[in-house]
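Chains, contacts and geometry: an overview
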Amino acid sequence: MQVLQRAGASLGRIDGLLRERSRLRPLDAARATTLPEGPLEMRFEGVGFRYHDADEDAPPNLRGIDLTVRAGAHLGLLGRTGSGKTTLTRLAFRFYDPDEGRVRLAGIDARDVPLAELRRRVGLVTQEVQLVQGSVRDNLTFFDATAPEAALHAALEEVGLGTWLAGLPAGLDTPVRAGGGNLSAGEAQLLAMARVFLADPGLVLLDEPSSRLDPATERRLERALERLLRGRTSVIIAHRLDTVDAALEELA
Ligand SMILES: Nc1ncnc2c1ncn2[C@@H]1O[C@H](COP(=O)(O)OP(=O)(O)OP(=O)(O)O)[C@@H](O)[C@H]1O
Ligand SMILES: [Mg+2]
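With respect to the side chain of Glu117
- Mapping Glu117 onto the fold places it in helix α3 (residues 115-121).
- Excluding residues that lie within four positions of it along the chain, Glu117 makes contacts with Thr34 and Leu35.

The structure is reproduced here in structure tokens:
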């Protein structure tokens, strides 16, 4: 009876998930355009947005945002908590479409780019790194078994996790617990960067982790960041000016 009840509840949740409909505007095949290779320009034109579950009369979460980050340029973004920095990255990664204005990548309206292509060309490292139950390899490739072994090693090496990998009992096949229980916050963050490296995007959106890291880990992250951002367009969100300074100085 207990198992049956649990199964019933699970079925209900799966059913709910399958009923979810995307609010993104469907792709108009006649306008569909692919993004160019190399660093991508990111432009916001009069962007206004409000989360759909917010109160009808609540003010928008973003209003009249105009900004251009030239191809290959780096933008440091600072602002008080709740000001909409993360929301801005969600619009650029197209988790949502703006209510007003448009987001352009390399001059192309983001809504005219096939979603899979956009997600391949834009890399996002979120404040809370998502790790799934699986191996280190699965967490790097999201279960894409075709990713070449050498590329995985190179990506981990690139972010400074080479020694860490060498010390793992089963290498790339070492299990990672859901939520990254057996990884430190710094290692999880570096792993997320290695993920982005593998995808080789033209635009990187980086939301600084809210949890404080120790100074040594912070320096490792800065070094990884410097390699990650070279030759790409980037938006770096930080809570303190010196983090942005450090990252941009390395690149200057
Ligand atoms: N999923 C959501 N649904 C509804 N409202 C949200 C959602 N995410 C954020 N908000 C609201 O949108 C506003 C902007 O939030 P956002 O997360 O973009 O801020 P932030 O600048 O990234 O803050 P922090 O510096 O704390 O990370 C806040 O008022 C927040 O309450
Ligand atoms: Mg945020």
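Now, onward.
Digging into the coordination of the magnesium ion (ligand 2)
- Ligation of the magnesium ion (ligand 2) by protein atoms is provided by Thr86 (OG1) and Gln127 (OE1), these donors lying 1.9 to 2.6 Å from the ion. Residue Thr86 is located in helix α2 (residues 85-92), and its partner Gln127 is located in the loop between β6 (122-125) and β7 (134-135); the two are separated by 41 residues in the primary sequence.
- For Gln127, a relative accessible area of 22% corresponds to the partly exposed category.

Side note on unusual backbone geometry
- Phi at Phe142 is positive, roughly 50 degrees, even though this residue is not glycine.
- Within the element layout of this structure, Phe142 appears in the loop between α4 (136-141) and α5 (149-158).
- For Phe142, a relative accessible area of 47% translates into the label partly exposed.
- Positive phi outside glycine occurs at Asp200, with the angle close to 50 degrees.

Section: the sheet that holds strand β9 (residues 203-207)
- Spatial strand order, β3-β10-β9-β6: 4 strands in an open sheet with parallel pairing. Two strands in the sheet have a free side with no partner beyond their single neighbour: β3 (74-77) and β6. Within this sheet the neighbouring strands show an average axis-to-axis angle of 10 degrees, counted without direction.
- Taken strand by strand, helix α7 (residues 185-199) contacts β6 and β9, and its axis lies near 175 degrees from that of β6.
- Seen against the sheet, helix α8 (residues 215-229) touches β3, β9 and β10 (233-237) and runs at an angle of roughly 155 degrees to β9.

Side note on the sheet that holds strand β5 (residues 108-109)
- Read from one edge to the other, the open sheet built from 4 strands follows the order β2-β1-β4-β5, with strand pairing classed as antiparallel. The two strands at the open ends of the sheet, each matched to only one other strand, are β2 (62-69) and β5.
- Pairing of strand β1 (residues 42-49) with strand β4 (residues 100-105) involves 5 bridges; the strand directions are antiparallel. Within the sheet, the bridge partner assigned to Met42 lies in β4 and is Leu105.

Topic: the layout of surface pockets
- For the largest pocket, the calculated volume is near 480 Å³.
- Phe93, Leu124, Phe142, Arg195 and Val196 are the residues nearest the centre of the largest pocket, which is lined by 22 residues in total.
- Classifying every residue of the lining of the largest pocket by side-chain character gives 14 nonpolar, 4 polar and 4 charged.

Focus: α8
- Here α8 is 15 residues long and its end C-alpha atoms lie 21 Å apart, about the 21 Å a rise of 1.5 Å per residue gives.
- The complete set of buried residues in α8 reads Thr217, Glu218, Leu221, Glu222, Ala224, Leu225, Glu226, Leu228 and Leu229.
- Where α8 starts, the residue carrying a side-chain oxygen 3.1 Å from the main-chain nitrogen of Ala216 turns out to be Asp214.
- Once α8 ends, the next one or two residues include Gly231, with phi positive near 80 degrees.

Regarding the environment of Gly84
- Inspection of the secondary structure assignment puts Gly84 in the loop between β3 and α2.
- Put simply, Gly84 and Ala73 are 11 residues apart on the chain and 21 Å apart in space, counted from C-alpha to C-alpha.

Some details on the site of ligand 1
- Around ligand 1 there are 14 residues in total, and Thr81, Gly82, Lys85, Thr86 and Thr87 lie nearest to it.
- Thr81 is positioned with one of its side-chain polar atoms (N or O) 2.3 Å from an oxygen atom of ligand 1.
- Between Gln127 and ligand 1, the recorded distance is 2.9 Å, taken from a side-chain N or O atom to an oxygen atom.
- Considered on its own, ligand 1 offers 640 Å² of accessible surface; in the complex 67% of this is hidden by protein.
- Looking at the shell around ligand 1, its residues break down into 1 nonpolar, 9 polar and 4 charged.

Rules of the game
- Residues numbered from 1 in each chain as written.
- Chains lettered and ligands numbered in written order.
- Predicted model: local features only at pLDDT ≥ 70, side-chain atom pairs only at ≥ 80, totals over all residues.
- Heavy atoms only, no water.
- Helix = DSSP H or I, 4+ residues; strand = E, 2+ residues; numbered from the N terminus.
- Contact = heavy atoms within 4.5 Å.
- Donors = N, O, S within 2.8 Å, 3.2 Å for Na, K, Ca; no water.
- Buried < 20%, exposed > 50% of the residue type's maximum accessible area, 1.4 Å probe, protein only.
- Pairing = 2+ DSSP bridges.
- Axes fitted to C-alpha atoms, helices over the stretch in contact; angles between N-to-C directions.
- 1 Å grid on protein atoms, 1.4 Å probe; cavity = no way out; pocket = protein on both sides within 12 Å on 5 of 7 lines; lining within 4 Å.
- Points joined across faces, edges and corners; volume = space filled by probe spheres on them.
- Nonpolar A, V, L, I, M, F, W, Y, C, P; charged D, E, K, R; others polar.
- Expected span 1.5 Å × (residues − 1).
- Polar contact = N/O pair within 3.5 Å; in protein donor to acceptor, adjacent residues only side chain to side chain.
- Near = heavy atom within 4 Å.
- Areas by Shrake-Rupley, 256 points an atom, 1.4 Å probe, with all protein chains shown as cover.

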